[in-house]
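Survey of secondary and tertiary structure
Residue-level listing of the chains:
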Amino acid sequence: MSNLAHKIQRQHEERIQQSPKRQLVVKKRAKITLGEKMLGCMFIGMLAFGSIHVVTNHVNIYHVNSEIQSLEGSVESQLKKNRELELRVAEESSYEVILEKAKNLGLTLNENNVKNIGN
């Protein structure tokens, strides 16, 4: 029996020695895969590009609006000058002013040579 006991003990020792040799190797997988990382980077890039594009468009619109306002201001001032000049022309072309200028230049009014034209 001693031989049988040695045999059983050896088998038991072999089992004990083999057990620690079988260590389970657990591969740790990344929580985020490479494809997901690439998609995330592309999304962030597109978001940044869109944001920059929107801000650039707003800046351009602001500059165009300020230019439009300055042009409208200059158009208004030119229209005001034109109205003033039209009033001055109307005042200078009145009969009395023309007659006075003609007398200052030494011209005389001959009633026989004047013809009235109806409006």
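Residues numbered from 1 in each chain as written. Predicted model: local features only at pLDDT ≥ 70, side-chain atom pairs only at ≥ 80, totals over all residues. Heavy atoms only, no water.

Some points on the overall build of the chain
Along the backbone of the chain there are three helices and zero strands. The burial tally for the chain puts 0% of its 119 residues in the buried class. On the chain, roughly 12400 Å² of surface is accessible, and the fraction owed to carbon and sulfur atoms is 60%. (Helix = DSSP H or I, 4+ residues; strand = E, 2+ residues; numbered from the N terminus. Buried < 20%, exposed > 50% of the residue type's maximum accessible area, 1.4 Å probe, protein only. Areas by Shrake-Rupley, 256 points an atom, 1.4 Å probe, with all protein chains shown as cover.)

Side note on helix α3 (residues 95-104)
It helps to recall that an α-helix has 3.6 residues per turn; residues three or four apart then point in one direction. Of all the ten residues making up α3, zero are buried; the element is thus mostly uncovered. Following α3 by one or two positions, glycine 106 has its phi on the positive side, about 95 degrees.

A word on a nonpolar patch on the surface
Side chains of Phe43, Ile44 and Leu47 sit close together on the surface and give an oily, nonpolar patch of about 350 Å² of accessible area. With respect to the helices, strands and loops of the structure, phenylalanine 43 is situated in helix α2 (residues 34-92). You can call phenylalanine 43 exposed: its relative accessible area is 56%. (Patch = residues over 30% accessible without salt bridge, like charges linked within 9 Å, V, L, I, M, F, W, Y side chains within 5 Å. Salt bridge = Lys/Arg side-chain N within 4 Å of Asp/Glu carboxyl O.)

Remarks on the confidence of the model for the chain
Predicted confidence across the chain gives a mean pLDDT of 85, with 84% of residues reaching 70 or more. Within the chain, α2 carries the highest mean pLDDT (97), whereas helix α1 (residues 2-21) carries the lowest (64). (pLDDT = per-residue confidence, 0-100.)

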